[in-house]
Amino acid sequence: MATVTFIKYKCQSAGALRGVAGYVSQEEKTMQENGQQLISGQNCNPQLACQEFLATRTMHRKDSPVYFYHYVQSFHPDEAVTGEQAHELAKEFAARAWPDSEVLIATHVDAPHIHSHFIVNAVCFETGQMLRQGPRTLATLRPLSDEICLSHHLSVLPKQQKKAQGMSTREYRAAAKGESWKFRLINVIDNCMRYAHTKDEFIALMKSEGYG
């Protein structure tokens, strides 16, 4: 089963965008054993996503404090889904959720729960209109994720659990049993600290990895 989570940042900047994009695009997180890296760009080049996001913002003369939106689609550790399948589902999800937006899509396969990050440009590259998103947007995004999962014969959350924000820390740790969750936590903290410029960014990146 998959859950969709909105990752909120109190303050954003071009530096924050670069940090988040760099974090989600790490080779050690997105590279499969067959050598395929699970990174894609919708309406943008994934290797140049930051530059293109900022160029779109400059071209349309936008000075909004919101540079991007960050979502995560996470699969339960018991879900029979491969990294490649999760990435294909992520691309389908992005195409339907934000068809007119530049989106960096990165699927992480280094954790017990396979999950995909979506970094969405807050400025539409064609019209220059601002994309309005927030926690309430999940009310439309989660059913869309469920619909896509069901079409690919994957499970979804029971209706009474739809309000869940993702795996709790306890669930995540339970899923990581046998893989020394303490060492995994240390590595995640160290990794997030390397890419975060502020405390807020660090907390957001930790949340994107399933930690409360």
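Our structure's up above, just so we're on the same page.
To start, this report covers the structure provided alongside it. In this text the structure is predicted, and so the values were computed from the model without any measurement.

### Notes on the overall build of the protein
Here comes step 1: A count of helical and extended segments in the protein gives eight helices and five strands.
Here comes step 2: Of the regular secondary structure in the protein, the N- to C-terminal order runs β-α-α-β-α-β-α-β-β-α-α-α-α.
Here comes step 3: When the 212 residues of the protein are sorted by exposure, 50% land in the buried category.
Here comes step 4: Long-range pairs, those at least 24 residues apart, make up 74% of the contacts in the protein with a sequence separation of at least 6.
Here comes step 5: Summed over all atoms, the accessible surface of the protein reaches about 10800 Å², with 53% contributed by carbon and sulfur.

### A closer look at the pairing of strand 4 (residues 103–108)
Here comes step 1: Of all six residues in strand 4, six are buried; the element is thus mostly enclosed.
Here comes step 2: Here strand 4 shows no split at all, with Val-103, Ile-105 and Thr-107 on one side and Leu-104, Ala-106 and His-108 on the other all buried.
Here comes step 3: Bridging between strand 2 (residues 39–42) and strand 4 involves four bridges; their strand directions are antiparallel. The residue bridging Ile-39 from the neighbouring strand is Ala-106, located in strand 4.
Here comes step 4: One ladder, built from six bridges, connects strand 4 with strand 5 (residues 115–121); its direction is antiparallel. Residue pairing for strand 5: Thr-107 is matched across the bridge by Ser-116.

### What about the pattern of salt bridges?
Here comes step 1: This structure, assessed with the given rule, holds three salt bridges.
Here comes step 2: Across the salt bridge formed by Glu-147 and Arg-96, the nearest N and O atoms sit 2.9 Å from each other. In this pair, Glu-147 is assigned in helix 5 (residues 138–151) and Arg-96 in helix 4 (residues 83–97), connecting sequence segments 51 residues apart.
Here comes step 3: Note on Glu-147: relative accessible area 44%, which makes it partly exposed.
Here comes step 4: Residue classification places Arg-96 among the partly exposed residues on the basis of a relative accessible area of 42%.

### Some points on the nonpolar core
Here comes step 1: Phe-68 and Ile-119 are the most contacted members of the largest nonpolar core, which totals 29 residues.
Here comes step 2: Elements with a minimum of two residues in this core: helix 1 (14–24), helix 3 (49–59), strand 3 (68–75), strand 4, helix 7 (181–195) and helix 8 (199–208).
Here comes step 3: With seven residues, the single largest contributor to this core is helix 1.
Here comes step 4: Non-local contacts of Phe-68, meaning those with residues more than four positions away in its chain, are made with Tyr-9, Gln-12, Ala-16, Leu-17, Val-20, Ile-119, Val-120 and Ala-122.

### With respect to the side chain of Ser-64
Here comes step 1: Its location among the elements puts Ser-64 in the loop between helix 3 and strand 3.
Here comes step 2: Engagement of the side chain of Ser-64 in a polar contact is seen with the backbone nitrogen of Val-66, the distance being 3.1 Å.
Here comes step 3: Setting aside its immediate chain neighbours within four residues, Ser-64 contacts Arg-57 and Met-130.

### Side note on the packing of helix 1 against helix 3
Here comes step 1: Where helix 1 meets helix 3, the closest approach of the two axes is 10 Å, and the angle between their N-to-C directions is 150 degrees. One element, helix 1, and the other, helix 3, form an angle in the roughly antiparallel class. In this structure, the crossing between helix 1 and helix 3 has a hand that is right-handed. Counting all contacts with helix 1, which are made through Ala-14, Leu-17, Arg-18 and Ala-21, the residues of helix 3 involved are Cys-50, Phe-53 and Leu-54.
Here comes step 2: Class assignment of the residues belonging to the contact of helix 1 with helix 3 gives a composition of six nonpolar, no polar and one charged.

About the criteria used
Residues numbered from 1 in each chain as written. Predicted model: local features only at pLDDT ≥ 70, side-chain atom pairs only at ≥ 80, totals over all residues. Heavy atoms only, no water. Helix = DSSP H or I, 4+ residues; strand = E, 2+ residues; numbered from the N terminus. Buried < 20%, exposed > 50% of the residue type's maximum accessible area, 1.4 Å probe, protein only. Contact = heavy atoms within 4.5 Å. Areas by Shrake-Rupley, 256 points an atom, 1.4 Å probe, with all protein chains shown as cover. Pairing = 2+ DSSP bridges. Salt bridge = Lys/Arg side-chain N within 4 Å of Asp/Glu carboxyl O. Core = buried A, V, L, I, M, F, W, Y, C linked by side-chain atoms within 4.5 Å. Polar contact = N/O pair within 3.5 Å; in protein donor to acceptor, adjacent residues only side chain to side chain. Axes fitted to C-alpha atoms, helices over the stretch in contact; angles between N-to-C directions. Parallel < 35°, antiparallel > 145°, perpendicular 65-115°, else oblique. Left-handed = near helix turned anticlockwise from the far one by under 90°. Nonpolar A, V, L, I, M, F, W, Y, C, P; charged D, E, K, R; others polar.

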